[in-house]
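# Per-entry structural report
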Amino acid sequence: MAVVPKLFRNSEELDRSLIYDLIAQKQEPSFTLMMPTHRTPPERETDPIQFKNLVSELEMKIKKAGLEKHLDLISKLHSVEKDRDFWNHQGAGLAVFINPSYSKVVSTPISLPSLTIISDTFHVKPLYRYYQESGRFQLLVLGQDHVYLYEGDKYGMEALDISGKVPQSMKMALGGEMTDDDIDSADFGGVGASSQVNRGVGPFVHGYTEKSQQKDNDLIRFFRIVDEKVLEHFSTTSGLPLILAALPEHHATFRQVSKNSKLLKTGIEKDVSRVPIDELGKIVWNAFYLEYEQGVAALLKRQQLAESQNLSHTLLDDVVKDALDGKIEILLVEENRIIKGRILEKERGIEYHESGVDDVLDDLSALVIEKSGRVILLPAEKMPHSGGAVSINRY
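Fair warning: this is a prediction, and the values are worked out from it, not measured in the lab. (Residues numbered from 1 in each chain as written. Predicted model: local features only at pLDDT ≥ 70, side-chain atom pairs only at ≥ 80, totals over all residues. Heavy atoms only, no water.)

### Examining the pattern of salt bridges
The full count for this structure, using the stated rule, is 13 salt bridges. The partner of Lys125 in a salt bridge is Asp359, with the nearest N and O atoms 3.4 Å apart. Of this pair, Lys125 sits in the loop between β5 (115-119) and β6 (137-143) while Asp359 sits in the loop between β13 (349-352) and α12 (360-370), and the two are 234 residues apart along the sequence. Both residues of the pair, Lys125 and Asp359, count as buried. Here Arg348 ties to Asp325 by a salt bridge, and the two come within 3.0 Å at their closest N and O atoms. Pair noted here: Arg348 is in the loop between β12 (341-344) and β13 and Asp325 is in the loop between α11 (316-324) and β11 (328-334), with a separation of 23 residues, a long-range link. On the basis of relative accessible area, Arg348 is assigned to the partly exposed category, the value being 33%. Judged by its relative accessible area of 34%, Asp325 falls in the partly exposed class. Several salt bridges converge on common partners, so that one network encompasses Arg136, Glu151 and Asp153. (Salt bridge = Lys/Arg side-chain N within 4 Å of Asp/Glu carboxyl O. Helix = DSSP H or I, 4+ residues; strand = E, 2+ residues; numbered from the N terminus. Buried < 20%, exposed > 50% of the residue type's maximum accessible area, 1.4 Å probe, protein only.)

The structure is reproduced here in structure tokens:
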């Protein structure tokens, strides 16, 4: 029985820090394999077959490029094809990154294109959609006895594992500090208690009011803890917008204590804790869609203004020069497009390939991120120009 490579037993989840780590790896040759995966049968049954074909495809490219001495880095991947346990626990995408001194397997919550690439850097561009502000979101479903966190886009959602990171109920968050549901019997007793209740005065009303205030304070403390933990463990690492789903009376309280800049004004004001995830995904996207469209429209309007002020370039060679000079604040990139070639930094230009394996747009995106710019992937129909990339410059 073949031994499955250790890196597949320790596959990582996608976050910003991992993307930066992948961008930083610059060693030739670097091998990238990506593919969509499926959580449920029957589609899931085809994943090992597709993986096998992609590994074989990458081996052929290695031989064609005269890199046979590196074949052993890839050939060992064939042992994963029959590992049913591995394929039964995948998300929406799988990415494998290998060079002579580095290897990483990444399970992603987003679907990935099917591809194999040999380059002097890893092909990372398809991962940018994970944390960009256009199109993906996180959903916080919040109630006193439940806390759930989801992540998704218009194609669907999946639940995130928050155990050990975010308390999943008020009782879990506050423990023994939570106000007891019972009210001291002395507040009800005494001579004339009934008449005092009817008059709205006396120890009963005082006890009830005090207890009610304590419960309100419990809720505030609970919401504050949830907010802090979601921000620390999820919003900061993903950078995704956060949508709140809770009862109407809880929205104002949570927003009052929240320090999460990713929390959107858009929200769902009802209890959705029992709604099936497929149906919930549609509800959330319908709530988020208008804000997403408005965000894209505002971005395109900004690009038009920048272009009129000579602060935006649309020809790829000019955009590359902007990136090399560190001018780009926002790079708009056409999603799912590959332009064969690579950026030559010393020559300040592009070397195009007719049948190459490098992607100019991937090199360009990595360069912008390294210089603290933002990369936003847009579908072809929303791109303001057809060159593949458009810059919005700082100066």
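### Comments concerning the sheet that holds strand β4 (residues 102-108)
Pairing within the open sheet is mixed, and its five strands lie in the order β1-β4-β3-β2-β5. Looking along the sheet, the strands with just one partner apiece sit at the ends: β1 (12-13) and β5. By the bridge criterion, five bridges tie strand β2 (residues 30-36) to β5 in an arrangement that is antiparallel. Along β5, the bridge assignment pairs Leu33 with Thr116. Contacting β1, β3 (93-99) and β4, helix α2 (residues 16-24) crosses the sheet at an angle of about 145° to β4. Here helix α3 (residues 47-64) sits on the sheet in contact with β2, β3 and β5, set at roughly 155° to β2. (Pairing = 2+ DSSP bridges. Contact = heavy atoms within 4.5 Å. Axes fitted to C-alpha atoms, helices over the stretch in contact; angles between N-to-C directions.)

### Brief notes about the environment of Lys171
Structurally, Lys171 is set in helix α6 (residues 170-174). It is 8.1 Å that separates the C-alpha atoms of Lys171 and Gln144, two residues lying 27 residues apart in sequence.

### Focus on the pairing of strand β8 (residues 156-159)
Across four bridges, the pairing between strand β7 (residues 146-153) and β8 is antiparallel. Paired with Glu151 across the bridge in β8 is Glu158. As consecutive antiparallel partners, β7 and β8 are separated by two residues.

### Some thoughts on the pairing of strand β9 (residues 242-245)
Neither face of β9 is exposed, since Leu242 and Leu244 on one face and Ile243 and Ala245 on the opposite face are all buried. Sheet analysis places β6 next to β9, joined by four bridges and oriented parallel. Bridging across to β9, Leu140 finds its partner in Leu244. Relative to strand β10 (residues 263-268), β9 is paired through three bridges, and the arrangement is parallel. Bridging across to β10, Leu244 finds its partner in Gly267. A crossover connection joins β9 to the parallel β10 through helix α9 (residues 248-257); in handedness this β-α-β unit is right-handed. (Right-handed = clockwise from strand over helix to strand, strands pointing away.)

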